[in-house]
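Chains, contacts and geometry: an overview
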Amino acid sequence: MEKRILIASWLFLLGSGLFLIDSMFEIAQHFSPMSLLHLSEGVLFLIGSIFFMPSSSSSSPSLPKTDCNSYLKTQGKLVPVATDYTDESPHT
C-alpha cells in the first residue's frame, strides 16, 4: 500500500508538470486570457501535487501524535473526552 501511495504521488506530480509545460507552450503560440487561465491552473496544480508528496521521514501519511491515538500516553486505557466545552474540569 505504501508503494502505491508513493507511485501515485509521483504520477500526480508528473501529470501536473505536463499541464504546466502545455500551458507554457500555449502562451508561446498565442497569448490570450484563456492561456493565462491555463497557466495559473498548471501552477496551482503543480504546487498542490508537491504538497501531496509523502514526507522523506516516512513513505506513507500517518495520523498526528495526539493523546487520542497515542498508546503510550494512555497506556491502553480509555480516556474520557469532554463534549461540553463550557466545563473544562476532568471527569475522572
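Here, the structure is the one placed above.
Here's what I pulled together on the structure shown here.

1. A short note on the side chain of Glu-26
Position of Glu-26 relative to the elements: it lies in helix H1 (residues 2–29). The side chain of Glu-26 sits in the buried core without any salt bridge; Arg-4 is the nearest counter-charge, 33 Å away. In contact with Glu-26, not counting residues within four places along its chain, are Ser-35 and His-38.

2. Some thoughts on H1
Here H1 is 28 residues long and its end C-alpha atoms lie 41 Å apart, about the 40 Å a rise of 1.5 Å per residue gives. Regarding H1, the residues found buried are Ser-9, Leu-13, Ser-16, Gly-17, Leu-20, Ser-23 and Glu-26. Lining the buried residues of H1 we find helix H2 (33–51).

3. Considering the environment of Phe-12
Of note, Phe-12 is situated in helix H1. The residues contacting Phe-12, other than those within four sequence positions of it, are Phe-45 and Ser-49.

4. A closer look at H2
Taking 1.5 Å per residue, 19 residues should reach 27 Å; H2 reaches 27 Å between its end C-alpha atoms and fits that length. Among all positions of H2, only Ser-35, Gly-42 and Ser-49 are buried. Buried residues in H2, looked at end-on, bunch into an arc of 50 degrees, giving them a common side. Opposite its buried face, H2 presents the exposed residues Pro-33, Leu-44 and Phe-51, each directed more than 90 degrees away. The elements touched by buried residues of H2 are H1.

Conventions used here
- Residues numbered from 1 in each chain as written.
- Predicted model: local features only at pLDDT ≥ 70, side-chain atom pairs only at ≥ 80, totals over all residues.
- Heavy atoms only, no water.
- Helix = DSSP H or I, 4+ residues; strand = E, 2+ residues; numbered from the N terminus.
- Buried < 20%, exposed > 50% of the residue type's maximum accessible area, 1.4 Å probe, protein only.
- Lys, Arg positive; Asp, Glu negative; His and termini not counted.
- Salt bridge = Lys/Arg side-chain N within 4 Å of Asp/Glu carboxyl O.
- Contact = heavy atoms within 4.5 Å.
- Expected span 1.5 Å × (residues − 1).
- Arc of directions from axis to C-beta.

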